[in-house]
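What the coordinates show
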Amino acid sequence: LVALLTGGLAGRLKENAAKAEHRAHLIQSLYDYSGHLAGTTNLDEARALLCQKIETMLKCRCALLLRGDFTSKLEATAQGGSLPLSAITLALVQESIDRKRSIVETMFSTQGFERNYVPLLGTKETLGVMVIERSNKREWTEIESRALHSLIKQTAIAIERLEYADQTKRAMLQADQERLRSAILSSLSHDLRTPLASILGSATALRHLGKEMTEADRQDLLSAIEEEAGRLNLFVSNLLAMTKLETGAIDLNREHVDCVERLRAAVERATRNFPDARFELYIEENLNDVFGDAVLLEQVIFNLIDNAIKFGGTEHAVIIRLIRNSARLRLAVEDGGPGIAPPALEKIFEKFYRDERHTHKVSGFGLGLAIGRGVVTAMGGTLHAESPIKDGRGARFVLELPFAHTLTPNRDLMS
């Protein structure tokens, strides 16, 4: 009697220990699954992760059908897991979605298995259906049933999170496109129409009154046409460059570029556009070439000079320094204007950002600095702003690019 009682207790303890071990294993599996699910970034990854976990944990076949997998004719186009689409009764899938409850399909005779259609319930609607095929001979324990529903619930939350993230991304993209459209329309109504009107007026005056004008008046009108055409060309070039940067279609030439030559060309161009502007250039001797696109680099330098003149004014000289900074080339453009508020030092590199203090004083899209940073980054360099630089005023834009071939710095020139 004692032996029978002891054996029975020992058997029960062993069974309880096995159940506890199985329960601990399921809990650990759920914990691991939560960690992996948190790192998923798309629906297909979450789908495959759930099906793999259920099939491994419950020794069955399954498939996950989401809302987007169905057509108007109740035809599924995708699924996860090892259970093929041909084995799934799509009418029962639709019924499970409509009723928001599980449906059991029992396969009698020699097949000996049943399919469970379990809906994935979101906060507002049914996200999909998990189809699980298991043997009639194997009943799930209570802990296994709880683990299954926990897996499905976690996955529903993750899928809803991914859908919300995708909707947010699309909304942000749409808002950005609307902002671009508004900026273009605003510029068309002012920044582009103004030079066009000036060009048209000057050309009309030359055509009808040119013979009655003095030579000086004719030259003034021709200069106005040339200046306004340059402004128009700059606006259009900035729009095209920003579009290429956004779509990744910008094509950089990879060649050795003499930055001194590019700087002088940009300053000469700025002198033609801004006759009243003054420049102070400090260029170190024997500078190495950089590797990149000569035309785009000149445009970036011109944009920095153009920005310094527009916001710093012509009463202060634009100071430009081109020196060696260890293994990199450093170009600094300084102005004597009111400077940039510290919170805006990074915002000014965002497309369409305009300082409210200068919105009505300076024309343009607010694209020059965004384009400049995009091009410089593509060339392996950096572009940042510093302000104030002296007596609470002024701004400095610093562009750095790696040399094409690193040489030992000239200490005499640096000093």
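Residues numbered from 1 in each chain as written. Predicted model: local features only at pLDDT ≥ 70, side-chain atom pairs only at ≥ 80, totals over all residues. Heavy atoms only, no water.

1. Things to note about the packing of helix 8 (residues 294-312) against helix 9 (residues 368-378)
Helix-helix packing is characterised by the crossing angle of the two axes and by the distance between the axes. Where helix 8 contacts helix 9, the two axes come as close as 9 Å, and the packing angle between them is 145 degrees. Once helix 8 is placed against helix 9, the crossing between them reads as left-handed. Together, Leu296, Val300, Asn303, Leu304 and Asn307 of helix 8 and Gly368, Leu369, Gly372, Val375 and Val376 of helix 9 make up the contact between the two elements. Per-class residue counts for the contact of helix 8 with helix 9 are six nonpolar, four polar and no charged. (Axes fitted to C-alpha atoms, helices over the stretch in contact; angles between N-to-C directions. Helix = DSSP H or I, 4+ residues; strand = E, 2+ residues; numbered from the N terminus. Left-handed = near helix turned anticlockwise from the far one by under 90°. Contact = heavy atoms within 4.5 Å. Nonpolar A, V, L, I, M, F, W, Y, C, P; charged D, E, K, R; others polar.)

2. A word on the packing of helix 7 (residues 259-273) against helix 8
Helix 8 packs onto helix 7 with a crossing angle of 50 degrees between their chain directions and a minimal axis gap of 9 Å. By the angle between their axes, helix 7 is oblique relative to helix 8. In the crossing of helix 7 with helix 8, the sense of the turn from one axis to the other is right-handed. The residues of helix 8 that touch helix 7, namely those facing Cys259, Arg262, Leu263, Ala265, Ala266, Val267, Arg269, Ala270 and Asn273, are Ala294, Leu297, Glu298, Gln299, Ile301, Phe302 and Ile305. Partitioned by chemical class, the residues of the contact of helix 7 with helix 8 number 11 nonpolar, two polar and three charged. (Parallel < 35°, antiparallel > 145°, perpendicular 65-115°, else oblique.)

3. Considering the pattern of salt bridges
Pairs can form between side chains of opposite charge whenever their charged atoms are close. Following the criterion strictly, the structure yields 18 salt bridges and no others. In this structure, Glu133 and Arg61 form a salt bridge, with 2.8 Å as the shortest nitrogen-oxygen distance. Linking Glu133 in strand 4 (residues 126-135) with Arg61 in strand 1 (residues 61-66), this pair joins segments that are 72 residues apart in sequence. In this structure Glu133 comes out as buried when scored by relative accessible area, which is 10%. Look at Arg61 and you get partly exposed, because its relative accessible area is 34%. Between Arg321 and Glu334 there is a salt bridge; the shortest N-O distance is 2.9 Å. In this pair, Arg321 sits in strand 8 (residues 318-325) while Glu334 sits in strand 9 (residues 328-335), placing the two residues 13 residues apart along the sequence. Judged by its relative accessible area of 33%, Arg321 falls in the partly exposed class. Since its relative accessible area comes to 10%, Glu334 is described here as buried. (Salt bridge = Lys/Arg side-chain N within 4 Å of Asp/Glu carboxyl O. Buried < 20%, exposed > 50% of the residue type's maximum accessible area, 1.4 Å probe, protein only.)

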